[in-house]
Structures are given as C-alpha cells and as structure tokens.
Amino acid sequence: HQTKFHPFPTISEMTVTGNGEIVAPPDYAQVLIEVRTEGKDVSVAQQENAVIMSRVIESLMALNIPREAIQTSSYTISPVYDYLDGRQVFRGYEVQNAITVKITDLSQAGTVIDTAIQNGANHVSAIQFKIDNSDAYYQQALNLALVNAMAKAKSMAETIQVPLQLIPIEIIEESRHVTPVPYKSAQFATQEFTTPIEQGTIPIQATVRVKFRF
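Just so it is clear, the structure is predicted and the values come from calculations on it, not from any experiment.

Some remarks on the packing of aromatic side chains
Move 1: One pass over the structure, following the stated rule, counts two aromatic pairs.
Move 2: Taking 5.9 Å as the distance between ring centres and 70° as the angle between the ring planes, the aromatic pair formed by Y81 and F90 counts as edge-to-face.
Move 3: Between the aromatic rings of F90 and Y93, the centroid separation amounts to 5.2 Å while the plane-to-plane angle is 70°, which identifies the pairing as edge-to-face.
Move 4: Residue class for F90 comes out partly exposed when judged on its relative accessible area of 34%.
Move 5: Of the residues examined, Y93 reaches a relative accessible area of 29% and is grouped as partly exposed.
Move 6: One aromatic cluster is present, formed by Y81, F90 and Y93 through successive ring pairs.

As structure tokens, this is what we get:
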C-alpha cells in the first residue's frame, strides 16, 4: 500500500494600506513679525531697531498677549549694497529683528497684526493656524485608517473569492501628518478697518499598513 502525505494547507497573507483624516479647528495662530532698520552706522541701526521692537512688543502686551507668547525668532545684521553702473556701492547695514507671536484668541489675530504694523513693524509673514495637542484627533484619524484598511482587505478578498480572517496579524503605523493652515497673504488693513483673518480647519492624517491572513 502506498501512503499518501497530505501537505498542510497553504496560508497566504495580504497587506493593505489604510488612510484616515480628521479636520479640526485650530487652537492658536502663530505669526512672524519683523522690524527692519537700515543705516550707515550699524550701532545707530541697532538702536533704532531696538526702540521700535520694544514699542511693538509693548503694544502687543497691551492686547493681553502674554510676554512668554512673544519669542525672538531671529536677529541678523547684513551689509546692504547698491549697484551703480555695474559697480557695487556700499549703502549701509540692515538690521532684521523677528519675533514669533502665539495668539490663543483667534478673533484677535487681525488686531495683533494691525497693532504691530501701526507701532513700527514693517514686515509680517508666516501666519499659520495650529493645534496645541493633536493627539486626540490623531487617534480618531488612526481609527479611520484601520477601518479603511479592513474595508480594502475585505473588498479584495471578495473579489478573488477567498475567505479572509478579519483579525489583523500585524499593524504598522506608517505616518502622521498634522498640517498647519497658512494664511493667504492679503493687503493689510488701514487704521479704520481690521485685517480679516480666516482661520479655516486643520487636516490631521494617519496612514497604517495592515497585514491579514487568508
């Protein structure tokens, strides 16, 4: 008699990628405010810059912006040149002093910008809306990503007509994205009107790779 050996059934695996996204309201705005001064004497340009920046900071604190929410971002001194008839002519020095301001009262964002400009700031940029603690939102996005991966795996299994074990055997967290919302630049307001700032929402995205067995 011949003995027949029956091999174990082949176990196959399927790996799918799931994506999830949650949109959340921002907690605060962050803005970069600069004072730029220029002069032939670097110490004079520095002194003028310090006076103006002090006035800007004091005006922001008068709006109940805490001192700890105002941080120096950069301070640079650079030579400035003119170009006349193809020649480089020294004009003086430019002092750039930049502060980052965190605004927790979002309705105050336009007023903060206008106040800084009215008190001597001459450059405003990098206006962004952010979330202080995005973990709770991210967990929701992660759950959606896992549900998305399971739906994909189930659909693929039904298409190729194989029984699928819907209990994942491996879950790999691939990426996490919390994208700050930039404010689109616009003309700043005059004394009579406040610069309009639209905060929008912040997308929080999660991606997972999930392995199933069938």
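Further notes follow.
Remarks on the sheet that holds strand β5 (residues 123-130)
Move 1: A sheet is described by the order of its strands in space; here five strands give the open sequence β3-β4-β2-β5-β7, paired in antiparallel fashion. Of all the strands in the sheet, just β3 (70-84) and β7 (181-182) have a single pairing partner and so form its edges.
Move 2: Across the sheet, helix α1 (residues 42-61) is in contact with β2 (28-39), β3 and β4 (87-103); its angle to β2 comes to roughly 150°.

So, the pattern of salt bridges
Move 1: This structure, assessed with the given rule, holds nine salt bridges.
Move 2: The closest approach of N and O atoms between R213 and E13, which form a salt bridge, is 3.7 Å. Of this pair, R213 sits in strand β8 (residues 202-213) while E13 sits in strand β1 (residues 13-24); the two residues are 200 residues apart in sequence, bridging distant segments of the chain.
Move 3: Residues R91 and D82 are paired through a salt bridge, measuring 2.7 Å at the closest nitrogen-oxygen approach.
Move 4: A relative accessible area of 31% places R91 in the partly exposed class.
Move 5: Overall, the relative accessible area of 26% leaves D82 in the partly exposed class.

Cut-offs and rules
- Residues numbered from 1 in each chain as written.
- Predicted model: local features only at pLDDT ≥ 70, side-chain atom pairs only at ≥ 80, totals over all residues.
- Heavy atoms only, no water.
- Phe/Tyr/Trp six-rings, centres within 6.5 Å; stacked < 30°, edge-to-face > 60°.
- Buried < 20%, exposed > 50% of the residue type's maximum accessible area, 1.4 Å probe, protein only.
- Pairing = 2+ DSSP bridges.
- Helix = DSSP H or I, 4+ residues; strand = E, 2+ residues; numbered from the N terminus.
- Contact = heavy atoms within 4.5 Å.
- Axes fitted to C-alpha atoms, helices over the stretch in contact; angles between N-to-C directions.
- Salt bridge = Lys/Arg side-chain N within 4 Å of Asp/Glu carboxyl O.

What is shown is where atoms sit, not what they do.
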